[in-house]
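One-letter residues, chain by chain:
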Amino acid sequence: MDPHVKHYCGIFGIYGTPESATLTTLGLHALQHRGEESCGVATGDGKKIRVHTGMGHVSDVFIDPAILEQMPGHLAIGHNRYSTTGSDNIKNAQPFVAECRDTHLAISHNGNLTNTRELRTSMQASGAIFQTTTDSELILHLIARSSQEEMVDRISDALRQVQGAYSLVLCTEDKLFAARDPYGFRPLCLGQLGDAWVVTSESCALDIIAARYIRDIEPGELVVINANGLRTYMLCESQRHAFCIFEYIYFSRPDSIIFGDNVDKTRRRLGRQLAIEHPTNADIVISVPDSSNTAALGYANEANLKLEIGLIRNHYVGRTFISPRQRDAKVRLKYNPVRGVLKGKRVVVIEDSIVRGTTLRHLVRMIREAGATQIHIRISCPPIVAPCFYGIDFQTENELIANKKTVEKIREHLGVDSLGYLSLEGMLRVAPNAANQYCTACFNKEYPIQIETEVGKLMLEK
Ligand code: SF4
């Protein structure tokens, strides 16, 4: 995946342990791949909410043990952020905390709302002042303005007014809440650690604290956890599901369970299907690490070809500044070819997706320089032709290479011997849920929720 297509957010919540802050930071470590720009934790001890946020990775923001020592509480929520809405400054780091009449409320949000402009305009007209530029703050405003008495009713009230993608964890001083939009765009699951309840974006965050996966939070479900245990409510009847298929292709970790199934198994099936649709006369299969590793395994098994490690990824690059003109250096900083593996070989390179194609073009040059005699690129999803409005930072339509060029032209642009994409039908056939349960809008422009006309048009026309 091109590096300019970033991940979005990871969320975590826990109720019923005095170690809530520490366990939340561990959960956030496991979800680091979902957002690297900022992170934060909010705890509740029955009387007070405390919050700490900062820019950077979890290990940087919580480097001082004194921070967690000053955050007691039997419940906590956490957030890793990549800015899909709002700019990437500290003001937008979550969890956000707001005063809501007699209580405080903290929120962590994954996803993008699609009716923010309309809501924001009408709230500003009636005097609302926004502290941040994020759509997550809108939800807090709606909750604060609800005339309902109970917090659960206020949250339901607010969520019935928003449209789009949201997986949420919220907390007051003494309650934890979790909710997922009726389409279920983003994953959210429930786990247990002894008597404590855990809610998180991906099950890998349960594994890191040795919690047990129980089930997914259902699309349209609102869960409340307090001293009396767990209660569940349905916000509304789900008309159709729209699980983001990109979670299986690229975003989620292969060791996670999302949308009720293993990412690893699904990704292998994508690789197998790719080999069926695009077999190759070649010597070896390599992946663009790490996100394509599992699909490469599936491809190599199905094609009966040897899987080799032909590219080494440097995991310690960090935030080095390299000007856009030095893109080649940026790619070299991150990847290095293994010459002994590639020299004299006909190589199949498995990549999960192509957005602009810039990184892949540089990689192809590196693989060629390392001595590969043929390069065959295989992509484990269909061409990306449209932007995402539900929480993924895809480019505008014009920046997507598959929107401007045919597959043959992309092959020429990359300078490879052949190029094959997985078909939409093939992808949906091997995905675990029924085909009509997924969002596939970035591949076929069939958006499950209409987007605000001006914003949508702007993105599609830019
Ligand atoms: S448009 Fe693409 S990336 Fe966005 S939610 Fe749908 S499938 Fe996922």
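What you are looking at is a predicted structure, and each value in this text was computed from that prediction instead of being measured.

Moving on, we get to helix 10 (residues 293–303). Because the α-helix completes a turn every 3.6 residues, residues three or four places apart line up on one side. Counting buried residues along helix 10, nine of its 11 residues qualify, which places the element largely inside the surrounding structure. Looking only at helix 10, the buried set comprises N293, T294, A295, A296, L297, G298, Y299, A300 and A303. Where helix 10 is buried, its residues contact helix 9 (263–277), strand 17 (284–287), strand 18 (306–307), strand 21 (346–351) and strand 22 (374–379). One or two positions beyond helix 10, positive phi appears at N304, with a value near 60 degrees.

Ordered in space as 3-2-4-1-10-9-11, the seven strands form an open sheet in which the pairing is antiparallel. Edge positions in the sheet fall to strand 3 (49–55) and strand 11 (212–216), since each has one partner strand and no second. Put simply, the sheet's adjacent strands are angled 15 degrees from each other on average, direction ignored. Pairing of strand 2 (residues 38–44) with strand 4 (residues 75–81) involves seven bridges; the strand directions are antiparallel. Bridging across to strand 4, G44 finds its partner in L75.

Attention now moves to the packing of helix 5 (residues 136–145) against helix 6 (residues 151–159). The description of two helices packed together rests on the angle between their axes and the distance between the axes. Following both chains from N to C, one finds helix 5 and helix 6 inclined at 125 degrees, their axes separated by 8 Å at the closest point. Here helix 6 runs oblique to helix 5, going by the angle between their axes. Considering how the two elements wind past one another, helix 5 and helix 6 form a crossing that is right-handed. Contacts between helix 5 and helix 6 involve I139, L142 and I143 from the former and R154, I155 and A158 from the latter.

Moving on: the site of the ligand. Every residue close to the ligand is listed here: F185, C244, I245, F246, C388, Y390, I392, C439, T440, A441 and C442. For the shell around the ligand, the class distribution of residues is 10 nonpolar, one polar and no charged.

In this section: the nonpolar core. Core analysis: the biggest nonpolar cluster contains 136 residues, and L170, F177, I245 and Y299 have the highest contact counts within it. No fewer than three residues from each of domain 1 (10–239) and domain 2 (264–315 + 323–432) sit in this core. Ignoring any residue separated from it by four or fewer positions in sequence, one finds Y299 in contact with G271, R272, L274, A275, V285, V348, I350 and R378.

A few words on the sheet that holds strand 21. Pairing within the open sheet is parallel, and its five strands lie in the order 18-17-21-22-23. If you trace the sheet from one side to the other, it starts and ends with strand 18 and strand 23 (418–421), each paired once. Against the sheet, helix 15 (residues 407–414) touches strand 22 and strand 23, its axis set at about 130 degrees to strand 23.

With that settled, consider the domain arrangement of the protein chain. When cut into domains, the protein chain gives domain 1 (10–239) and domain 2 (264–315 + 323–432). For domain 1 versus domain 2, the distance between C-alpha centres works out to 35 Å. Listed by partner, the interface residues are nine residues for domain 1 and five residues for domain 2. Split by residue class, the side of domain 1 that touches domain 2 holds two nonpolar, six polar and one charged.

Parameters and conventions
Residues numbered from 1 in each chain as written. Predicted model: local features only at pLDDT ≥ 70, side-chain atom pairs only at ≥ 80, totals over all residues. Buried ≥ 20, exposed ≤ 12 C-beta atoms within 10 Å, placed from the backbone. Helix = DSSP H or I, 4+ residues; strand = E, 2+ residues; numbered from the N terminus. Contact = placed C-beta atoms within 7 Å. Pairing = 2+ DSSP bridges. Axes fitted to C-alpha atoms, helices over the stretch in contact; angles between N-to-C directions. Parallel < 35°, antiparallel > 145°, perpendicular 65-115°, else oblique. Left-handed = near helix turned anticlockwise from the far one by under 90°. Near = placed C-beta within 6 Å. Nonpolar A, V, L, I, M, F, W, Y, C, P; charged D, E, K, R; others polar. Core = buried A, V, L, I, M, F, W, Y, C linked by C-beta atoms within 7 Å. Domains from an automatic or database assignment.

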